[in-house]
Amino acid sequence: MKIPRYLLAATFCLTPVAGLTQATPAEITEAKRIQATVLGVDSHNDNAQRILIEGVDIGKRLPDGTIDLPRLREGGIHVPFFALWVPSYYQKAEAVRRTLQLRDAMQKVFDKYPEQIELATSAHDIERIVGQKKIAAILTAEGGHQIDDDLAVLRMYRRMGILSMTLTHFRNNDWADSSTTPPVHNGLTEFGKQVVREMNTLGMMVDISHVSDKTFYDVLDVTTKPVIASHSSCFVMSDVPRNMKDDMFRALAKNGGVVGVNFGSSFLSQKDADELKQHIARANTEEPNLSGAELDAYAAKEHIDHDEGHPRTGAATVEDAANCIDHIVKVAGIDHVGIGSDFDGIPSVPLGLEDVSKMPALTAALLHRGYKEEDIRKIMGGNYLRVIKDVVGH
Ligand SMILES: [Zn+2]
């Protein structure tokens, strides 16, 4: 495909922190050039929560958070996946209602800024929209509970433009085990297998981030299409249950899938692993018995109290993000790794990669490791485009 070179003249705010990056000034200059012209797929952000709950206007540069349209352009991320994440305490039909609220919030953005952003529902859409110098937004569901155990709901989500679904969030649902609660199904149930088959048929990407290792292998047994891990990192770097072991990377490569590396400091550095473990424990104990507006008010308070959209800098640096990419390349190959930042959904971010505008720093770190431009193009979107063409279609 032809990638427009439209951002060549853009100025990136890339301020190398002394001693942080080993990239040379020449590599940093080259990184800015490359990052301005990559497709720029990032398979997970939680910006939709801020749009719905805080009412932020992402058409303008925001003073806080990690994502908005100007910073997406600066960072060369032209194809962000906006997760319509619904906390697991939204149960049954409440989870469907919440999904619709998030879908509506995103529609308002598309309607307000048609010259800046457009919903993409095919590979052709992505190429056309990016070619028009706009952001091609991909919508995803994050948590199989959002279909309320009903394939009709799943089918309608696809018609609403939702192109992938993470099978679980932090908790098990009625048909799949999560990586962060004790297993009750030994992986996928029979209905869970039906969900995977239906997603294959519908042209929806099956996302195995968050699921238990057994669920992951059950999915690979059933699926006829490549799967994605939209926001996961390397277990060898941080032993949080959300991260993937090397055997899983190898199995994902055999399936033809892609893992998007999560930038959360706790995903990249063992020093911050406890932070994520505590976050998971909290999410798994809070079970308000509310519905409707009261439940929404609870979710809003939780979002604000825990400052979800305002991460601090953690123990990890941009070099750790590059190390994780490098590790996956060594284990699974260059064709199976991408970016899955989790921006606006992680409590701490790496030094040097504090928001999406800093993406050229990561590209510089990869150049310094000897990655060629064509390799970087795969990591920054080419691999995901291949899977989207195969699963979702042209
Ligand atoms: Zn997640």
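Residues numbered from 1 in each chain as written. Predicted model: local features only at pLDDT ≥ 70, side-chain atom pairs only at ≥ 80, totals over all residues. Heavy atoms only, no water.

J.: How should the confidence of the model for the chain be read in this particular structure?
T.: The share of residues in the chain with pLDDT of 70 or more is 94%, and the mean pLDDT across the chain is 93. In this model residues 1-19 is a low-confidence stretch, pLDDT under 50, and it forms 39 contacts with partners more than four residues away in sequence or in other chains. (pLDDT = per-residue confidence, 0-100. Contact = heavy atoms within 4.5 Å.)

J.: Can you walk me through the packing of helix α13 (residues 318-332) against helix α14 (residues 359-368) in this structure?
T.: Between two packed helices, both the angle of their axes relative to each other and the distance between the axes serve to describe the pair. At a minimum axis distance of 9 Å, the contact between α13 and α14 shows a crossing angle of 55°. Considering their axes alone, α13 and α14 lie oblique with respect to each other. The interaxial crossing formed by α13 with α14 has right-handed handedness. Only A361, L362, A365 and L366 of α14 make contact with α13, whose side of the interface consists of V318, E319, A321, A322 and I325. When the residues that make up the contact of α13 with α14 are grouped by side-chain class, the tally is eight nonpolar, no polar and one charged. (Axes fitted to C-alpha atoms, helices over the stretch in contact; angles between N-to-C directions. Helix = DSSP H or I, 4+ residues; strand = E, 2+ residues; numbered from the N terminus. Parallel < 35°, antiparallel > 145°, perpendicular 65-115°, else oblique. Left-handed = near helix turned anticlockwise from the far one by under 90°. Nonpolar A, V, L, I, M, F, W, Y, C, P; charged D, E, K, R; others polar.)

J.: Explain the pairing of strand β8 (residues 258-261) to me, please; I cannot follow it from the model alone.
T.: The side chains of a regular strand alternate, first on one face of the sheet and then on the other. Of the two faces of β8, the one holding V258 and G260 and the one holding V259 and V261 are both buried throughout. When strand β7 (residues 228-232) meets β8, the two strands line up parallel, connected through three bridges. Across the sheet, the residue bridging to S232 is V261, located in β8. In this region the chain leaves β7, passes through helix α9 (residues 246-255) and returns to the parallel neighbour β8; the handedness of that crossover is right-handed. (Buried < 20%, exposed > 50% of the residue type's maximum accessible area, 1.4 Å probe, protein only. Pairing = 2+ DSSP bridges. Right-handed = clockwise from strand over helix to strand, strands pointing away.)

J.: How should the side chain of S266 be read in this particular structure?
T.: By the secondary structure assignment, S266 is in helix α10 (residues 265-268). We classify S266 as buried; its relative accessible area is 2%. When neighbours within four sequence positions are excluded, S266 is seen to be in contact with S238, V240, D272, A273, E275, L276 and S348.

J.: Can you walk me through the packing of α9 against α13 in this structure?
T.: Relative to each other, α9 and α13 sit at 60°, their axes nearing to 9 Å. The way α9 lies across α13 gives a crossing that is right-handed. Along the contact surface, α9 presents D246, F249, R250 and A253, while α13 presents H327, I328, V331 and A332. For the contact of α9 with α13, the class distribution of residues is five nonpolar, one polar and two charged.

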